[in-house]
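# Observations on the model geometry
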Amino acid sequence: MNEEAPSRLQLLHFARRVVAQQATAALAQLDTWIAAEERREAERRRGEQMRPAPPEWLIQYGLNKQNIDAVHTGDCWAAAKSGRCRPATRQQALDALRRQIPACIHCRPDTALGILD
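Residues numbered from 1 in each chain as written. Predicted model: local features only at pLDDT ≥ 70, side-chain atom pairs only at ≥ 80, totals over all residues. Heavy atoms only, no water.

## Some thoughts on the environment of R90
For R90, the location among the structural elements is in helix 3 (residues 90-98). Its relative accessible area of 44% is what places R90 among the partly exposed residues. Sequence spacing of R90 and W57 is 33 residues, and the spatial spacing of their C-alpha atoms is 6.5 Å. Not counting chain neighbours up to four residues away, the residues in contact with R90 comprise W57 and L113. (Helix = DSSP H or I, 4+ residues; strand = E, 2+ residues; numbered from the N terminus. Buried < 20%, exposed > 50% of the residue type's maximum accessible area, 1.4 Å probe, protein only. Contact = heavy atoms within 4.5 Å.)

Set out below in structure tokens:
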């Protein structure tokens, strides 16, 4: 067993190969993470583009889903909080207000529709 110990130069070349191999693996892992994040971002953007526009008007129904409780604008925070609203057309909102269904006191759809109390 008369093996020679590796020289300093051989050890340095070996260390360089190890570092290059580890750097290549780390870059490949980073590229995988970047590609996955780009896919998620593209899906999020597609989802936003495909999402239908929010309704302009909402009608809030009672607990029995038959009675109409109030009329809201589409962006009313109170309507979103109630969870009992359905989208409505402008005409449906006008008809409901004309039938004395109360207008939301927060978003004032009667004012937005041009109906004065």
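## Considering the pattern of salt bridges
Inspection of the entire model under this criterion finds 6 salt bridges. Across the pair R44 and E48 runs a salt bridge whose closest N-O atoms are separated by 2.5 Å. Of this pair, R44 and E48 are both found in helix 1 (residues 8-50), 4 residues apart, which corresponds to roughly one turn of the helix. For R44, a relative accessible area of 39% translates into the label partly exposed. Across the salt bridge formed by R108 and D110, the nearest N and O atoms sit 2.7 Å from each other. Classification of R108 by relative accessible area gives partly exposed; the value is 30%. By relative accessible area, D110 is classed as buried at 3%. In this structure, a network of salt bridges that share partners links the residues E41, R44, R45 and E48. (Salt bridge = Lys/Arg side-chain N within 4 Å of Asp/Glu carboxyl O.)

Remember, this is a structural readout, not a statement about activity or role.
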